[in-house]
Amino acid sequence: LGVQGDVTLDMLAAKLGPRGAELLEALELLQASGEPLHVELRTPSGRWLAVHGARLTSKRKKRRRITGAVLDVTEHREREEEMRKRLDFERQLVGIVSHDLKSPLTAISMGASMLEGADDFVVDRIKHSVKRAQQLIYDLLDFTHARLGSGIPISPQRTDIAQVVATTVEQMQFAHPDHTFELLPYGAVFAMADEPRLEQVVTNLLSNAVEYGDSERPILVRCFEEDGLAIISVRNEGEPIDRDRVHTIFEPLERDEPAESGSLGLGLFIVDQLVRAHEGDVELHSGEDGTEFQVRLPLAAGA
């Protein structure tokens with residue numbers, strides 16, 4: 001603050017400019033009532049100061065004194081401001097990608113439908129590209145809700161999740177005819193779940209198994225009850241996941257290398273966030289005998 005030697009509170013307040021009066025008022029309140037002092041002030045030179053104070057009373061001598069500290073927190077405030085700007089930029093960027101691209105993609109999809117019959121190969125390529133771009137947008141929206149918002153919204157209701165799993169496996173088999181999916185039979189399993197979101201969880205797990213598993217070995221899928229929980233298991237054979245990656249596998253943008261599909265690496269992150277929204281959890285077991293993801297959800301009442 002440019003002062004040397006002993007400094008009175010009035011001198012300190014004068015150096016702080018207009019905000020100095022606020023400090024003096026806080027000090028008076030501290031002296032009168034013992035209210036702890038926590039004030040952040042900006043000096044005329046642009047530095048940020050955090051002022052903390054407390055009143056101490058000596059019972060033996062019946063004396064009161066005030067002790068405290070003045071900390072320069074300029075760098076901390078600058079980092080906070082930089083983080084705030086970065087988050088604002090991320091929100092704006094995701095908003096542009098997720099909202100402004102929806103209209104042109106919809107127009108492209110409609111145009112491709114009108115071209116059917118002219119050149120089916122070209123039309124199919126256009127449709128596939130549009131579908132992939134739309135999925136990237138939906139993943140970005142979910143990422144935004146989970147990371148920057150209040151969590152991914154769901155609308156749970158009593159659902160036979162075994163049926164959801166069976167339908168999803170059937171769709172994945174149609175989409176990946178070069179892979180084998182084996183669904184082990186089990187009866188109905190009811191849980192409070194958002195059906196489209198649960199389908200998204202199973203799809204992401206199956207897509208991960210397709211991408212990283214041994215294509216010549218079947219992907220085993222189970223849905224069953226155990227210890228009062230609804231369990232969804234997806235298991236594939238292939239190279240085990242490195243131990244270093246096991247602890248970060250559900251973090252966003254975590255992957256070994258860019259995938260040919262153009263994935264953002266958000267699939268398992270979204271799985272984890274959606275399962276958490278359903279008040280469940282995901283377990284991962286990976287070794288020489290294969291890799292298994294287990295989703296555990298509370299059973300619906302009366303199940």
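Note that the structure is a prediction, hence the values are computed from the model and not measured.

Here is what the cut-offs are and how they apply
Residues numbered from 1 in each chain as written. Predicted model: local features only at pLDDT ≥ 70, side-chain atom pairs only at ≥ 80, totals over all residues. Heavy atoms only, no water. Salt bridge = Lys/Arg side-chain N within 4 Å of Asp/Glu carboxyl O. Helix = DSSP H or I, 4+ residues; strand = E, 2+ residues; numbered from the N terminus. Buried < 20%, exposed > 50% of the residue type's maximum accessible area, 1.4 Å probe, protein only. Expected span 1.5 Å × (residues − 1). Arc of directions from axis to C-beta. Contact = heavy atoms within 4.5 Å. Polar contact = N/O pair within 3.5 Å; in protein donor to acceptor, adjacent residues only side chain to side chain. Phe/Tyr/Trp six-rings, centres within 6.5 Å; stacked < 30°, edge-to-face > 60°. Pairing = 2+ DSSP bridges. Axes fitted to C-alpha atoms, helices over the stretch in contact; angles between N-to-C directions. Patch = residues over 30% accessible without salt bridge, like charges linked within 9 Å, V, L, I, M, F, W, Y side chains within 5 Å. Areas by Shrake-Rupley, 256 points an atom, 1.4 Å probe, with all protein chains shown as cover.

Caption draft 1: Main features of the pattern of salt bridges. Applying the stated criterion across every chain, the model contains nine salt bridges. Its salt-bridge partner being R77, residue E80 comes within 3.9 Å of it at the nearest N-O pair. Note that E80 and R77 are positioned in helix α3 (residues 74–100) at a spacing of three residues, about one turn of the helix. In this structure E80 comes out as partly exposed when scored by relative accessible area, which is 41%. Where R217 meets E237, a salt bridge forms, and the shortest distance between an N and an O atom there is 3.3 Å. Taken together, the positions of R217 in the loop between α7 (195–212) and β7 (219–226) and E237 in the loop between β8 (229–236) and α8 (243–246) put the pair 20 residues apart, joining distant regions of the chain. Here the salt bridges share partners, and the residues they tie into one network are E40, R77 and E80.

Caption draft 2: Seen up close, helix α6 (residues 161–175). Between its first and last C-alpha, α6 extends 21 Å over 15 residues, near the 21 Å set by a 1.5 Å rise per residue. For α6, every residue scored as buried is listed here: I161, A162, V164, V165, T168, V169 and M172. All buried residues of α6 fall inside an arc of 155 degrees around its axis, so they share one side. For α6, exposure combined with an orientation more than 90 degrees from the buried face picks out E170 and F174. Elements in contact with the buried residues of α6: β4 (157–160), β5 (181–183), β6 (190–193), α7, β7 and β8. Sitting at the amino-terminal end of α6 is D160, which places a side-chain oxygen 3.2 Å from the backbone nitrogen of A162.

Caption draft 3: Layout of the packing of aromatic side chains. In the structure shown here, the tally under the stated rule is two aromatic pairs. Their ring planes at 65 degrees and their centres at 6.5 Å tell us that Y186 and F224 sit as a pair that is edge-to-face. Remark: F224 occurs in strand β7 and Y186 occurs in the loop between β5 and β6; sequence separation between them is 38 residues. The exposure class assigned to Y186 is partly exposed, which follows from its relative accessible area of 46%. Both rings, one in F250 and one in F293, keep their centres 6.1 Å apart while their planes meet at 80 degrees; by these two values the pair is edge-to-face.

Caption draft 4: A look at the sheet that holds β7. Here five strands make up an open sheet; going across it, the order is β5-β7-β8-β10-β9 and the pairing mixed. Bordering the open sheet on either side are β5 and β9 (281–287), each of which pairs with just one other strand. With strand direction ignored, the average angle separating the axes of adjacent strands in the sheet is 15 degrees. Sheet topology note: the β5/β7 ladder contains three bridges and is parallel. Counted as the bridge partner of E182 is L220 from β7. The sheet strands contacting α7 are β5, β7, β8 and β10 (290–298), and the helix crosses β8 at an angle near 20 degrees.

Caption draft 5: Examining a nonpolar patch on the surface more closely. A cluster of nonpolar side chains, V3, V7 and M11, forms an exposed patch at the surface whose accessible area comes to about 200 Å². Take M11: it is sitting in helix α1 (residues 9–15).

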